[in-house]
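Residue strings, one per chain:
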Amino acid sequence: MSSLIALGTGGAATVATFYLYVGVRGNNKITVKPDNVPYWAFGIGLLSASAGTAFQALTGIGHQLSEAFQGNTALGDWQTGATAAVMTIAVFGLKPRAWKDALLGAVAPSLYAAAGGIWVLPVSVFSGLINAFVK
């Protein structure tokens, strides 16, 4: 055993995804409040970055979202940090919705890492902590 719970990143991503799914439904013994969905999804996104190919689609969604804005000449010069800022405002500024917060929260780590600068801080700090527990 090389870590505290020894799930591996793929196993931990699957367990966290299943926990989030069961908890959001609300009629089970496990409950996840709508305000907590982005945090669970962010953790899933962090785990998916080093998990198997089944979870690699999450990183692609963030890059495609950013490229869609960057490719729009009507917006002018658009960088990945702007996409990260808009996404963060959508998660924390709008009314909590499980589907929106789960998708954007899971995509956030790859988008923050691609944006660079100060956006990388939460990704690097929390991915190090999470990987220490599950690997």
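Computed from a prediction, not measured in an experiment: that's the story for all the values here.

We now examine the layout of surface pockets. In this structure, the largest pocket encloses a volume near 260 Å³. Elements with a contribution of two residues or more to the lining of the largest pocket: α2 (37–49), α4 (80–93), α5 (98–115) and α6 (120–134). By residue class, the composition of the lining of the largest pocket is 13 nonpolar, three polar and no charged.

For the rest of this paragraph, the subject is the nonpolar core. Core analysis: the biggest nonpolar cluster contains twelve residues, these being Phe42, Leu46, Ala84, Met87, Ala90, Val91, Leu104, Val107, Ala108, Leu111, Tyr112 and Val123. Contributing elements (two or more residues each) for this core: α2, α4 and α5. In terms of nonpolar packing, the next biggest core, distinct from the first, is built from eight residues, Leu20, Val37, Ile44 and Leu58 among them.

Let's shift gears to helix α1 (residues 9–25). When the terminal C-alpha atoms of α1 are compared, their 24 Å separation across 17 residues agrees well with the 24 Å that a helix rising 1.5 Å per residue should span. Those residues of α1 that sit buried are Thr9, Ala12, Ala13, Ala16, Leu20, Val22 and Gly23. In the stretch just after α1, Gly26 is the one whose phi turns positive, near 85°.

Looking now at the environment of Gly76. Among the structural elements, Gly76 can be located in the loop between α3 (57–70) and α4. Gly76 sits in the partly exposed class, given a relative accessible area of 40%. Measuring from C-alpha to C-alpha, the distance between Gly76 and Leu129 comes to 38 Å, with 53 residues separating the pair along the chain.

Further remarks concern the side chain of Asp101. If you trace the backbone, Asp101 turns up in helix α5. Within the structure, Asp101 has its side chain in polar contact with the side chain of Lys100 (distance 2.6 Å).

Rules behind the numbers
- Residues numbered from 1 in each chain as written.
- Predicted model: local features only at pLDDT ≥ 70, side-chain atom pairs only at ≥ 80, totals over all residues.
- Heavy atoms only, no water.
- 1 Å grid on protein atoms, 1.4 Å probe; cavity = no way out; pocket = protein on both sides within 12 Å on 5 of 7 lines; lining within 4 Å.
- Points joined across faces, edges and corners; volume = space filled by probe spheres on them.
- Helix = DSSP H or I, 4+ residues; strand = E, 2+ residues; numbered from the N terminus.
- Nonpolar A, V, L, I, M, F, W, Y, C, P; charged D, E, K, R; others polar.
- Core = buried A, V, L, I, M, F, W, Y, C linked by side-chain atoms within 4.5 Å.
- Buried < 20%, exposed > 50% of the residue type's maximum accessible area, 1.4 Å probe, protein only.
- Expected span 1.5 Å × (residues − 1).
- Polar contact = N/O pair within 3.5 Å; in protein donor to acceptor, adjacent residues only side chain to side chain.

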